[in-house]
Amino acid sequence: MSAPVYDDPVDRSPEFQKWVASFRNDALSQGITAATFDRAFANVKLSSRVFELNENQPEFSRAIWDYMDSAVSSDRIEKGRAHMRKFRKSLGRAEDKHGVPPSIITAIWSLESNFGKNLGGFNVIEALATLAFEGRRTTFGREQLIAALRIIQSGDIEPGRMIGSWAGAMGQTQFIPTVFLQYAEDGNGDGRRDLWDTKADVFNSTANYLSNKGWQQDAPCFDEVKLPDGFDHALADISIEKSVKEWASLGVSRVNGRSLQGREGVNKDAPAAILLPGGYKGPAFIAYPNFKAVLAYNNAISYALAICQLSRRFDGGSSFETPWPRSEPLILSRNDRMELQTLLDKNGYDVGEPDGVLGKKSREAIRAFQKKQGVPQDGFATMSLLLMLRQLK
């Protein structure tokens, strides 16, 4: 069922008012007080903008190098270093407690809210109520809405100040309500977990989350690597892990030629994955357990790579040595991605339901097709790959 369009954004439709009354009963049965609920919902209305964003998927994706250029820009690096100096004591206390370095916390703070400047323009209760009312995320909306009401009831934030994204991510490092309840911390001892205005709370909460997701103190996220001649590119996937010493035995070395096994802070028996986010023509990386911890924050390779590289640059590290294959024509539109999936499926390569999202199944199908075509099996979606498939019609 498609979401209705409300021409008047302040319209409180009878259907929504009926839903609110029903949801109020559910909330009260789960321990939310009537006073909390009524205070939170006092001015809540359906948001046509949230409906629009929830129902529409982005038409175009970005090339990894364009994303990295923006995420790891010289301006962002300069500002990040300045913020690390300014808040070194608060960041240091978060590191002392959770073992997560200031550069990683600052990198997440930077990408999630531009160092606290962009918190999102939506009232979280209103956005989540709209999602819970109707659309493709009603279950998510209801769960997060109850959690948001618990946060208000605990006294951490007033309803009018609970600002976030259209999908309910809140504060300077964008926690959804259930994550807030589990991992947010009072970093300054004032009895509240304020991720909107209190830097100590923001830094401690972010470090606490990463620590609980497996962050290993004094260990790197990743290294740029050099792959040996004849390397099986089908092994380069976040889902394929081998120990560091196994990768070394296959001839993988750091890009400077040094052995992986001698890498400071890396256990040679630790699980790691090889990544080719720009295809076999671009830079190659080995992702250590800390990379997976960052992925828990946002499950996108480009995001985790940007966070880890930003952290490295904040700490004085260098740019990647291998250039991106910027001249490679990529499949960037959703229609082209769906066409790719449809053609793969028609030719016997299982991608599941074509949806324009090139996930694990799609990457496996691309690799199988590349193998049959006798080209490197990097799972990278290029226009040349789509042209090959079109010729098979």
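Cut-off values and rules
- Residues numbered from 1 in each chain as written.
- Predicted model: local features only at pLDDT ≥ 70, side-chain atom pairs only at ≥ 80, totals over all residues.
- Heavy atoms only, no water.
- Helix = DSSP H or I, 4+ residues; strand = E, 2+ residues; numbered from the N terminus.
- Rg over C-alpha atoms; globule rule 2.2 N^0.38 Å.
- Buried < 20%, exposed > 50% of the residue type's maximum accessible area, 1.4 Å probe, protein only.
- Contact = heavy atoms within 4.5 Å.
- Lys, Arg positive; Asp, Glu negative; His and termini not counted.
- Charge placed at Lys NZ, Arg CZ, Asp CG, Glu CD.
- pLDDT = per-residue confidence, 0-100.
- 1 Å grid on protein atoms, 1.4 Å probe; cavity = no way out; pocket = protein on both sides within 12 Å on 5 of 7 lines; lining within 4 Å.
- Points joined across faces, edges and corners; volume = space filled by probe spheres on them.
- Nonpolar A, V, L, I, M, F, W, Y, C, P; charged D, E, K, R; others polar.
- Core = buried A, V, L, I, M, F, W, Y, C linked by side-chain atoms within 4.5 Å.
- Axes fitted to C-alpha atoms, helices over the stretch in contact; angles between N-to-C directions.
- Parallel < 35°, antiparallel > 145°, perpendicular 65-115°, else oblique.
- Left-handed = near helix turned anticlockwise from the far one by under 90°.
- Phe/Tyr/Trp six-rings, centres within 6.5 Å; stacked < 30°, edge-to-face > 60°.
- Pairing = 2+ DSSP bridges.

Student: Just checking my understanding: could you explain the overall build of the chain for this structure?
Tutor: Check the secondary structure of the chain and you find 17 helices and seven strands. Its C-alpha radius of gyration of 23 Å places the chain within 12% of the 21 Å reference for a compact globule of 393 residues. Counting every position in the chain, which comprises 393 residues, the buried fraction comes to 50%. Within the chain, counting contacts between residues at least 6 apart in sequence, those at least 24 apart form 69% of the total. Looking at the chain, you have 49 positive and 48 negative side-chain charges, and the mean spots of the two groups are 3 Å apart.

Student: Teacher, can you tell me more about the confidence of the model for the chain here?
Tutor: Interpreting fine coordinate detail is not advised for predicted regions of low pLDDT. On average, the chain scores 94 in pLDDT, and the residues at 70 or more come to 97%. Counted against residues more than four places away or in other chains, residues 1-10, with its pLDDT under 50, gives 17 contacts.

Student: Help me out: how do you make sense of the layout of surface pockets in this one?
Tutor: Gaps left between atoms are located by rolling a probe of water-molecule size over the structure's atoms. Quantified by volume, the largest pocket comes out at close to 1600 Å³. Contributing to the lining of the largest pocket are 40 residues, with Ser61, Ala300, Ile301, Ser302 and Leu358 lying nearest its centre. Going through the elements one at a time, helix H4 (64-71), helix H14 (301-314) and helix H16 (360-373) are the ones with two or more residues in the lining of the largest pocket. Among the residues making up the lining of the largest pocket, the classes are represented as 24 nonpolar, eight polar and eight charged. One number sums up the size of the second largest pocket: a volume of about 620 Å³. Forming the walls of the second largest pocket are 31 residues, and the residues nearest its centre are Pro220, Cys221, Phe222, Arg263 and Arg312. Of all the elements in the fold, those that place two or more residues in the lining of the second largest pocket are helix H7 (102-113), strand E3 (222-226) and H14. Of the residues that constitute the lining of the second largest pocket, the class distribution is eleven nonpolar, ten polar and ten charged.

Student: I keep staring at the nonpolar core and nothing clicks. Help me out?
Tutor: In a soluble, globular protein the nonpolar side chains are often hidden away together inside. Of all hydrophobic cores here, the largest spans 87 residues; its most connected members are Phe41, Ile125, Met162 and Phe291. Setting aside anything within four residues of it in sequence, one finds Phe41 in contact with Val20, Phe23, Ile125, Ala129, Leu145 and Leu149. The next biggest cluster of nonpolar side chains, apart from the first, holds 17 residues, and it includes Val244, Leu260, Ala284 and Tyr288.

Student: Explain the packing of helix H11 (residues 199-212) against helix H13 (residues 289-297) to me, please; I cannot follow it from the model alone.
Tutor: For the pair H11 and H13, interaxial distance at closest approach is 9 Å and the crossing angle is 120°. Of the possible angle classes, the one that applies to H11 and H13 is oblique. In the packing of H11 onto H13, the handedness of the crossing is right-handed. Residues Thr206, Tyr209 and Leu210 of H11 touch H13, and the partners they reach there are Ala293, Val294, Ala296 and Tyr297. In terms of residue class, the contact of H11 with H13 is made up of six nonpolar, one polar and no charged.

Student: Mind showing me how you'd approach the packing of aromatic side chains here?
Tutor: Within a pair of aromatic rings, the relevant descriptors are the distance that separates the centres and the angle that separates the planes. On inspection of all chains with the given rule, the structure shows 24 aromatic pairs. When the ring of Phe87 is compared with that of Phe203, the centres are 6.0 Å apart and the planes differ by 70°; the resulting orientation is edge-to-face. Highlighted residues: Phe87 in the loop between helix H5 (74-86) and helix H6 (88-98) and Phe203 in helix H11, separated in sequence by 116 residues. You'll find Phe87 and Phe203 in the same group, each marked buried. For the ring pair Phe231 and Trp247, a centre distance of 6.3 Å and an interplane angle of 40° mean the geometry is tilted. Of this pair, Phe231 sits in the loop between E3 and strand E4 (242-243) while Trp247 sits in helix H12 (residues 244-249); the two residues are 16 residues apart in sequence, bridging distant segments of the chain.

Student: How should the sheet that holds E4 be read in this particular structure?
Tutor: In space, the five strands of this open sheet follow the order E4-E6-E7-E3-E5, with antiparallel pairing throughout. Single-partner strands in this sheet number two, and they are E4 and strand E5 (253-254). Here three bridges tie strand E6 (residues 271-275) to strand E7 (residues 284-287), and the two strands are oriented antiparallel to one another. Across the sheet, residue Ile274 finds its bridge partner in E7, namely Ile286. Packing of H14 onto the sheet brings it into contact with E3, E6 and E7, and relative to E3 it is tilted by some 100°.

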